[in-house]
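What follows is the residue order along each chain.
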Amino acid sequence: MASLLKQPLKLALVQLAAGADKAANLSQVRSKVLEAAKAGAKLIVLPECFNSPYGCQYFPKYAETILPTPPPKDQAPSWHTLSSVAMEAKAYLIGGSIPEFVPDTKKYYNTSLVFSPAGNLIAAHRKTHLFDIDIPGKIKFKESDVLSPGNKVTIFDMPEYGQIGLAICYDVRFPEVATIAARKGAFLLVYPGAFNTTTGPMHWSLQGRARAMDNQVYVALCSPARDMDASYHAWGHTMLVSPNAEVIAEADEKEAIIYGELEGAKIEETRKGIPLNTQRRFDVYPDVSVGTVRFEE
Ligand SMILES: O=C(O)CCC(=O)C(=O)O
């Protein structure tokens, strides 16, 4: 059987320190992406909300209107930075996420844009599960006060390498999405995400490792760096997890780039040893990935 990952792939996860100055954030994006490309990365990932601090109060101010594509330059500087730097870096670029505004419906989304090495937009994922939680005395957050949810599972293809499942932060807590992407043939699940200093130590690594263990694929979690002066304290700890659920590389809370060399043989070896993928009992429970999954809006 053909490998899910057609050739080895060097991946870079950029744990960026995003502040209040959007132009400064975008210039930092440019320099970090080029640094990662110079180190040989062919797929580069940015964190959730890389053009702004993270928080409901910031979404409208930093939002960009990206439809129809391509958007005018002055309307969508983040879109254009991603497109041009992907081209300059000659790498695939998963642009973490930015707040998106759709004027027709007056709705905001938390949206991840993916660009090819030619600078073309090849995928977009709108966060499907909004981060609405309330842990008394610890953290209360309600993205749905401002944001609307996306309505699809996102899988995109890098023709020379293979398929990737893409979702954002809180989406990682819903294993169905990961399972569907893996069943459709993804070799890697990518989650730009900004857990915090309460839920980060509880679940960040556990979620990443669990999605890898269940699906026997690589998993990448990419966080902003922690800023103790910001209203939201991101957990950091950007990490890459192997198909056997081992942490391959992990940042601390500061700005950093972590790298990993992904190999299809590692997925095959994991699945050969513990062949979950051929042992599933779809006669006992249905395969959700061949059911009524929505891939396009
Ligand atoms: O699930 C969590 O604990 C954190 C989620 C989050 O911060 C987000 O969705 O942005």
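Identification of the protein chain as CN hydrolase domain-containing protein from Endocarpon pusillum is taken from an unreviewed UniProt entry. Under Sequence similarities (unreviewed entry), UniProt gives the following word-for-word description of the protein chain: "Belongs to the carbon-nitrogen hydrolase superfamily. NIT1/NIT2 family."

Peer 1: Explain helix α6 (residues 264–273) residue by residue, including any values.
Peer 2: Turning to α6, its buried residues are Gly264, Lys266, Ile267 and Thr270. Take α6 and look down its axis: the buried residues cluster within an arc of 165 degrees, on one side only. Facing away from the buried side of α6 by more than 90 degrees, the exposed set consists of Ala265, Lys272 and Gly273.

Peer 1: Help me get a handle on the site of the ligand, residues and values and all.
Peer 2: Around the ligand, the surrounding shell consists of Glu48, Phe131, Cys169, Tyr170, Arg173, Ala194, Phe195, Asn196, Thr199 and His203. In terms of residue class, the shell around the ligand is made up of 5 nonpolar, 3 polar and 2 charged.

Peer 1: Let's hear about unusual backbone geometry: which residues, and what values?
Peer 2: Glycine aside, negative phi is the norm for most residues, and most peptide bonds take the trans geometry. The residue after Leu67, namely Pro68, is reached through a cis peptide bond having omega -5 degrees. Turning to its location among the elements, Pro68 is positioned in the loop between α2 (59–62) and α3 (77–89). In this model, Thr69 is joined to Pro70 through a cis peptide bond whose omega is -5 degrees. Mapped onto the secondary structure, Pro70 falls in the loop between α2 and α3.

Peer 1: Outline the nonpolar core, listing residues and values.
Peer 2: Ranked by size, the top nonpolar core spans 87 residues in total, and within it Val14, Ile44, Leu93 and Ala220 carry the most contacts. With residues up to four places along the chain from it excluded, the contact list for Leu93 reads Val33, Ile44, Leu82, Val85, Ala86 and Phe115.

Criteria and cut-off values
Residues numbered from 1 in each chain as written. Predicted model: local features only at pLDDT ≥ 70, side-chain atom pairs only at ≥ 80, totals over all residues. UniProt positions renumbered as here; feature names shortened; annotations may be inferred. Buried ≥ 20, exposed ≤ 12 C-beta atoms within 10 Å, placed from the backbone. Helix = DSSP H or I, 4+ residues; strand = E, 2+ residues; numbered from the N terminus. Arc of directions from axis to C-beta. Near = placed C-beta within 6 Å. Nonpolar A, V, L, I, M, F, W, Y, C, P; charged D, E, K, R; others polar. Core = buried A, V, L, I, M, F, W, Y, C linked by C-beta atoms within 7 Å. Contact = placed C-beta atoms within 7 Å.

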